[in-house]
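Fold and contact review
The chain contents come next:
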Amino acid sequence: MAGKLIIGNWKMNTRAQSAQSLLDALLEQPACDQPWVGVAAPAVYLAALGARLQGRAIRLAAQDVSAFASDGAYTGEVSAAMLQDIGCAYVLVGHSERRQYFAESNPQLLAKMNNAMAAGLVPVLCVGETLEQREQGSYLAVIHQQLSILADIAAGEYLIAYEPVWAIGTGKVATLEQIAEIHSAIKTWCLQNAKPSASIRVLYGGSVKAENAESILMTDNVDGALVGGASLDAGSFRMICQAA
Ligand code: PEP
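Cut-off values and rules
- Residues numbered from 1 in each chain as written.
- Predicted model: local features only at pLDDT ≥ 70, side-chain atom pairs only at ≥ 80, totals over all residues.
- Heavy atoms only, no water.
- Helix = DSSP H or I, 4+ residues; strand = E, 2+ residues; numbered from the N terminus.
- Rg over C-alpha atoms; globule rule 2.2 N^0.38 Å.
- Buried < 20%, exposed > 50% of the residue type's maximum accessible area, 1.4 Å probe, protein only.
- Near = heavy atom within 4 Å.
- Polar contact = N/O pair within 3.5 Å; in protein donor to acceptor, adjacent residues only side chain to side chain.
- Areas by Shrake-Rupley, 256 points an atom, 1.4 Å probe, with all protein chains shown as cover.
- Nonpolar A, V, L, I, M, F, W, Y, C, P; charged D, E, K, R; others polar.
- Core = buried A, V, L, I, M, F, W, Y, C linked by side-chain atoms within 4.5 Å.
- Contact = heavy atoms within 4.5 Å.
- Pairing = 2+ DSSP bridges.
- Axes fitted to C-alpha atoms, helices over the stretch in contact; angles between N-to-C directions.
- Phe/Tyr/Trp six-rings, centres within 6.5 Å; stacked < 30°, edge-to-face > 60°.
- Lys NZ or Arg CZ within 6 Å of the ring centre and 35° of its normal.
- Salt bridge = Lys/Arg side-chain N within 4 Å of Asp/Glu carboxyl O.

Observations regarding the overall build of the protein
Looking only at helices and strands, the protein has 10 helices and 8 strands in total. A globule of 244 residues ought to have a C-alpha radius of gyration of about 18 Å, and the protein, at 17 Å, matches this closely. Across its three principal axes, the protein shows a C-alpha extent of roughly 45 × 45 × 30 Å. Expressed as a percentage of its 244 residues, the buried residues of the protein come to 49%.

As structure tokens, then:
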């Protein structure tokens with residue numbers, strides 16, 4: 001099943017030592033030390049992990065990037081150029097936790113996408129509906145609204161991650177039918193509305209585990225997985241990478 005992309009999102013977890021140990025454990029696994037595997041570590045540890053990854057295949061990813069394009073008086077911000085400078089290849093944009101806790105809006109996310117791409121990073125735009133939106137039947141409209149920023153960015157490389165909010169960290173996985181439906185809808189929307197990108201690749205995220213990774217990754221239009229909780233355990237993450 002080569003060609004699938006697996007990105008682990010460590011979120012606000014680990015310390016300097018445990019982040020190094022986790023990365024070392026992944027580097028010992030041939031299934032993980034591959035160019036189609038990425039790890040999104042906390043920002044403060046990215047530089048050290050990036051140094052460790054010199055000459056290795058695993059790609060480094062950031063969990064967020066500033067909406068401000070150039071250096072300046074933006075206390076606390078980390079720019080796309082800084083992330084590129086320390087070896088990041090990917091950056092998550094608009095993860096549902098950032099939309100929920102930091103009220104990230106489409107104009108901000110558009111700026112983040114543009115900044116990431118201008119710096120040579122591949123942004124991963126995260127989209128997905130809440131349980132309420134799914135039950136109300138408005139989930140496709142919600143996802144289209146989140147995707148709408150792609151109509152305003154120049155052609156280039158980016159990824160999309162479909163992460164139903166109700167499946168993140170809950171142990172509830174979307175059914176394969178639900179995943180196939182939304183992934184297909186995302187690709188159709190992009191073909192009709194977005195500027196041509198190298199290819200439209202859509203990852204699935206939401207309680208992906210060693211046990212369900214293979215069936216999810218084999219589902220139509222699933223080009224990879226964004227993995228939260230299970231990426232903090234080297235053994236589980238290895239099994240997910242093996243399924244790719
Ligand atoms: C995520 O946060 O991107 C995620 C998919 O988390 P989990 O795998 O824990 O549901």
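Text resumes after the structure shown.
Quick look at the site of the ligand
Neighbouring residues of the ligand: 14 residues in total, closest K11, E163, G169, S207 and G228. At a separation of 2.6 Å, an oxygen atom of the ligand approaches a polar backbone atom of G169. For the ligand, an oxygen atom lies 2.7 Å from a polar atom in the backbone of S207. Starting from 290 Å² of accessible surface for the ligand in isolation, the protein chains cover 97%. Within the shell around the ligand, the residues separate by chemical class into 4 nonpolar, 8 polar and 2 charged.

With respect to the nonpolar core
Among the nonpolar cores identified, the biggest contains 67 residues, and I6, W10, L150, I160, I186, Y204 and F237 are the most heavily contacted of them. Here I160 is in contact with V124, L125, V127, L147, L150, I186, C190, I200, R201, V202 and L203, once residues within four sequence places are set aside. By size, the runner-up hydrophobic cluster in this structure holds 14 residues, among which are A40, A61, Y90 and C126.

A short note on the sheet that holds strand 1 (residues 5-9)
Reading around the circumference, 1-2-3-4-5-6-7-8 is the order of the 8 strands in this closed barrel, with parallel pairing throughout. If you compare each strand with its neighbour and ignore which way they point, the axes differ by 25 degrees on average. Of the strands in this sheet, strand 5 (122-127), strand 6 (159-162) and strand 7 (201-205) touch helix 8 (residues 176-193), which is tilted by about 150 degrees from strand 7.

Thoughts on the packing of aromatic side chains
Per the counting criterion, the structure on display carries 2 aromatic pairs. Aromatic pair F68 and Y74: ring centres 3.8 Å apart, planes at 15 degrees, arrangement stacked. For the cation-ring pair, R98 lies above F102, with the distance from its terminal atom to the ring centre recorded as 4.0 Å. Over the face of the ring belonging to Y139 we find R134, whose NZ or CZ atom lies 4.0 Å from the ring centre.

A closer look at the pattern of salt bridges
If you walk through the whole model with that rule in mind, you get 10 salt bridges. Put simply, D64 and R98 hold a salt bridge, and the shortest N to O gap is 3.3 Å. Residue D64 is located in the loop between strand 3 (59-62) and helix 3 (80-85), and its partner R98 is located in helix 4 (residues 96-102); the two are separated by 34 residues in the primary sequence. Judged by its relative accessible area of 22%, R98 falls in the partly exposed class. Among the charged side chains, a network of salt bridges with common partners joins D64, R98, E104 and K112.

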